[in-house]
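# Chains, contacts and geometry: an overview
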Amino acid sequence: QERTLAQALQQAGYETAITGKWHLGEFEPAYRPTARGFEHQYGHYFGAIDYFTHLRDGVHDWHRDDKEVREEGYSTELIANEACRLIESRKTASKKRPLFLYVPFNGVHSPFQVPEKYTEPYAELTGNRRKVAGMLAAVDEAIGRIVDSLKASGELENTLIVFSADNGGPNPGPVSDNGPLRAAKGTLYEGGIRGCAFATWPGQIPAGQKIDAPVHVVDWYPTLLKLAGASSEQPFPVDGLDLWPTLTQKAPSPHEAILMVQSPQRAAVRVGDYKLLRLNAARLAAAKKKKQ
């Protein structure tokens with residue numbers, strides 16, 4: 001019953017496309033991308049697929065416009081290929097609608113797989129840490145190719161680019177590095193929920209600035225709707241708050257408090273420099289036993 005960002009932007013006249021990981025359901029057609037606001041779909045439905053065979057638990061998971069296709073290649077590169085193709089195909093269009101392109105790479109999610117050429121610069125690292133560095137290099141290269149396609153099409157100056165991680169790194173040390181932040185992916189500590197992000201739009205967002213104000217990923221929804229001139233009228237209340245003044249004018253965070261929920265038993269609320277965590281009973285018992 002929820003309205004997706006793709007549906008809202010499609011209603012505002014945008015061409016909409018997803019290349020990458022969907023991970024929001026597929027057991028019947030009504031849950032798939034082309035039924036949820038995307039005119040173009042390419043990639044996989046689930047997480048943790050094999051990067052080369054595109055298998056998940058023995059099931060092939062690679063689709064175009066919600067129909068299975070078999071294509072060889074490293075998934076990060078294939079996802080970038082399709083994103084670039086979509087951008088470049090618009091150069092010859094006589095009447096171009098504005099484009100919303102969503103590119104959720106499965107990199108750097110496990111399984112840790114990457115062509116050797118991407119790990120060669122990281123000889124000082126070992127094991128999965130080296131593989132993850134290579135996987136991130138592949139994603140970085142893929143994003144660069146997408147930017148190059150925007151330049152070649154003459155669209156870069158009129159494009160807002162948003163990059164966002166969705167969580168902290170898993171297993172700090174052997175796999176990732178969350179710096180001074182506590183814990184890792186899957187927790188409600190800062191190492192689990194704080195992710196890096198950036199936004200760039202020439203002439204609209206001041207270049208080179210760093211923003212420390214806490215915001216939430218759902219804030220992009222109302223922000224992008226406002227920028228696109230899309231309606232915020234929908235059956236359920238709009239999640240998130242407009243972060244455009246924070247991005248462009250260094251205004252304070254629009255939030256007095258930020259709520260983070262993993263389940264009804266596991267949640268946290270952050271207010272200023274304080275954060276209250278609610279952990280499930282099993283975790284509390286385990287922690288108490290470990291302390292004893």
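Reference entry: report on the structure contained in this document. (Residues numbered from 1 in each chain as written. Predicted model: local features only at pLDDT ≥ 70, side-chain atom pairs only at ≥ 80, totals over all residues. Heavy atoms only, no water.)

## Section: the sheet that holds strand 7 (residues 99–102)
Selection rule: Pairing between two strands requires that DSSP report at least two bridges joining them. The secondary structure listing takes helices from DSSP runs of H or I that are at least 4 residues long and strands from runs of E that are at least 2 residues long, numbered from the N terminus. Every residue pair with non-hydrogen atoms within 4.5 Å of one another is taken to be in contact. To get an axis, a line is fitted to the C-alpha atoms, and for a helix only the part in contact is used. The angle between two axes follows their N-to-C directions and goes from 0 to 180 degrees.
The mixed open sheet is built from five strands, whose spatial order is 6-5-2-1-7. Looking at which strands have only one partner, the edges of the open sheet turn out to be strand 6 (67–68) and strand 7. Set on the sheet, helix 2 (residues 75–89) makes contact with strand 1 (15–21), strand 2 (40–44), strand 5 (63–64) and strand 7; between it and strand 1 the angle comes to about 170°.

## Focus: the sheet that holds strand 11 (residues 266–271)
Read from one edge of the open sheet, three strands run 10-11-12, paired in antiparallel fashion. This sheet does not close on itself; its edge strands, each paired only once, are strand 10 (258–263) and strand 12 (274–278). Across the sheet, the mean angle from the axis of one strand to that of its neighbour is 10°, orientation sign disregarded. Examined bridge by bridge, strand 10 and strand 11 share five bridges and lie antiparallel to one another. Bridge pairing links leucine 259 to valine 269 in strand 11.

## Some words on the environment of alanine 35
Within the secondary structure, alanine 35 is located in the loop between strand 1 and strand 2. C-alpha of alanine 35 to C-alpha of glutamine 7: the two residues are 28 residues apart in sequence and 9.1 Å apart in space. Setting aside chain neighbours within four positions, we find alanine 35 in contact with Gln7, Pro29 and Ala30.

## Section: helix 2
An α-helical turn contains 3.6 residues, so a residue and the one three or four places further along point in the same direction. We count it as follows: Helices are assigned an expected span. That span is 1.5 Å times one less than the residue count. Remark: exposure states derive from per-residue accessible area (1.4 Å probe, protein chains only) relative to the maximum for the residue type, with buried under 20%, exposed over 50%, and partly exposed in between.
Under the 1.5 Å per step criterion, the end-to-end length of helix 2 is 21 Å for 15 residues, consistent within 8% with the ideal 21 Å. For helix 2, the set of buried residues is Ser75, Thr76, Leu78, Ile79, Ala80, Glu82, Ala83, Cys84, Leu86 and Ile87. The elements touched by buried residues of helix 2 are strand 1, strand 2, strand 5, strand 7 and helix 4 (127–152).

## Observations concerning the pattern of salt bridges
We apply this condition: Whenever a carboxyl oxygen of Asp or Glu lies within 4 Å of a side-chain nitrogen of Lys or Arg, that contact is scored as a salt bridge.
One pass over the full model with this rule turns up 13 salt bridges. With a closest N to O distance of 3.2 Å, aspartate 57 and arginine 56 form a salt bridge. Looking at aspartate 57, the relative accessible area reads 71%, which means it is exposed. Here arginine 56 falls in the partly exposed class, since its relative accessible area comes to 29%. The partner of lysine 96 in a salt bridge is glutamate 155, with the nearest N and O atoms 2.9 Å apart. With lysine 96 in the loop between helix 2 and strand 7 and glutamate 155 in the loop between helix 4 and strand 8 (161–164), the pair connects residues that are 59 residues apart, well separated along the chain. Note on lysine 96: relative accessible area 40%, which makes it partly exposed. Several salt bridges converge on common partners, so that one network encompasses Arg64, Glu71, Glu82 and Arg85.

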